[in-house]
Each structure stands twice: as structure tokens, then as C-alpha cells.
Amino acid sequence: MVVRKFGVLSVGKIMGVVYALLGLILGIFTALFSIMGSAIGMMNSDSSALFGGLFVGVGSIIFLPLLYGIIGFIFGLISALLYNLVARFVGGIEIEVD
């Protein structure tokens with residue numbers, strides 16, 4: 001079996017969702033570290049540290065999945081287009097299935 005062509009939009013959608021999930025995971029870790037940092041800042045009597053840490057934490061959970069999803073979608077489209085172009089000249093990827 002040889003894969004000669006990918007559906008460009010389907011690859012873009014899949015890559016967008018996969019990268020959005022990765023962005024969510026990264027956003028959760030960023031939120032945890034920023035909240036821990038703001039807690040340390042509060043121990044040093046810096047009251048503005050709490051607001052900054054919460055702002056960055058909540059923002060990263062919302063912003064990073066959106067950003068990663070959009071970038072994943074765009075690069076999925078580009079990758080599928082390039083694969084389809086190259087596969088015309090050199091052939092597709094061979095897959096052996098049982």
C-alpha cells in the first residue's frame with residue numbers, strides 16, 4: 001500500500017487539534033509555575049505578585065491552546081501540500097499492513 005496523497009484540510013484539522021492539546025498541557029504547567037512564583041512573591045510582601053501570577057496563569061491556559069492550535073493548523077496545511085507535491089515526483093510512503 002502506498003500513500004500518494006493526503007487531504008490537506010483533514011491534515012490541517014488533525015494537526016490543529018493535536019497542537020491545541022499540547023498547548024493546553026503547556027498552559028497548565030505555565031499556570032502552575034506562575035501561581036507558585038506569585039506565592040513566593042507574596043511571601044516577600046509583594047502584593048502585586050499575586051495579580052501578575054494569576055493573570056499569566058489564566059492567560060496561558062486560554063492563549064497557548066489557541067496559539068498552538070492555529071499554528072498547528074497552518075503547518076499541517078503546509079506539510080500536506082508539500083507532501084502531495086513531493087509525492088508526485090518521488091512516489092509516496094510505502095506502508096505494509098496485514
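Keep in mind it's a predicted model, so treat the numbers as computed, not measured.

## Describing the overall build of the protein
In terms of regular secondary structure, the protein is built from two helices and two strands. Reading the protein from its N end, one meets helices and strands in the order β-α-α-β. Since a compact globule built from 98 residues should have a radius of gyration of about 13 Å, the 21 Å found for the protein marks it as more spread out than a globular shape. Dimensions along the principal axes, computed over C-alpha positions, put the protein at roughly 65 × 25 × 15 Å. Evaluated residue by residue, the protein yields a buried proportion of 22% over its 98 residues. By sequence separation, contacts in the protein at least 24 residues apart represent 83% of the contacts at least 6 residues apart. If you sum the accessible surface of the protein, you get close to 7,200 Å²; carbon and sulfur atoms cover 78% of it. Put simply, the protein has 4 plus and 4 minus side-chain charges, and the middle of one group is 20 Å from the middle of the other.

## Some words on the side chain of Asn84
Mapped onto the elements, Asn84 comes out in helix H2 (residues 48-90). Ignoring sequence-local partners within four residues, the contact set of Asn84 consists of Arg4, Lys5, Phe6 and Val8.

## Describing the environment of Ile95
Among the secondary structure elements, Ile95 is positioned in the segment after strand E2 (93-94). Linking Ile95 and Ala80, residues 15 residues apart in sequence, is a C-alpha distance of 17 Å. Residue contacts for Ile95: discarding those within four places in its chain leaves Met1 and Val3.

## Details of helix H1 (residues 8-43)
An ideal rise of 1.5 Å per residue puts 52 Å on 36 residues; H1 measures up with 52 Å between its terminal C-alpha atoms. Where H1 is concerned, the buried positions are Gly12, Gly16, Gly23, Gly27, Ala31, Ser34, Ser38 and Gly41.

## Focus on the confidence of the model for the protein
Confidence along the protein averages 88 in pLDDT terms, with 94% of residues attaining 70 or more. Per-element confidence in the protein ranges from a low mean pLDDT of 83 for strand E1 (residues 2-3) to a high of 90 for H1.

## Remarks on the environment of Gly12
Relative to the assigned elements, Gly12 resides in helix H1. Spatially, the C-alpha atom of Gly12 lies 18 Å from that of Val86, the residues being 74 residues apart in sequence. In this structure, Gly12 is in contact with Gly72, Phe73, Gly76 and Leu77, ignoring residues within four places of it in sequence.

Thresholds applied
Residues numbered from 1 in each chain as written. Predicted model: local features only at pLDDT ≥ 70, side-chain atom pairs only at ≥ 80, totals over all residues. Heavy atoms only, no water. Helix = DSSP H or I, 4+ residues; strand = E, 2+ residues; numbered from the N terminus. Rg over C-alpha atoms; globule rule 2.2 N^0.38 Å. Buried < 20%, exposed > 50% of the residue type's maximum accessible area, 1.4 Å probe, protein only. Contact = heavy atoms within 4.5 Å. Areas by Shrake-Rupley, 256 points an atom, 1.4 Å probe, with all protein chains shown as cover. Lys, Arg positive; Asp, Glu negative; His and termini not counted. Charge placed at Lys NZ, Arg CZ, Asp CG, Glu CD. Expected span 1.5 Å × (residues − 1). pLDDT = per-residue confidence, 0-100.

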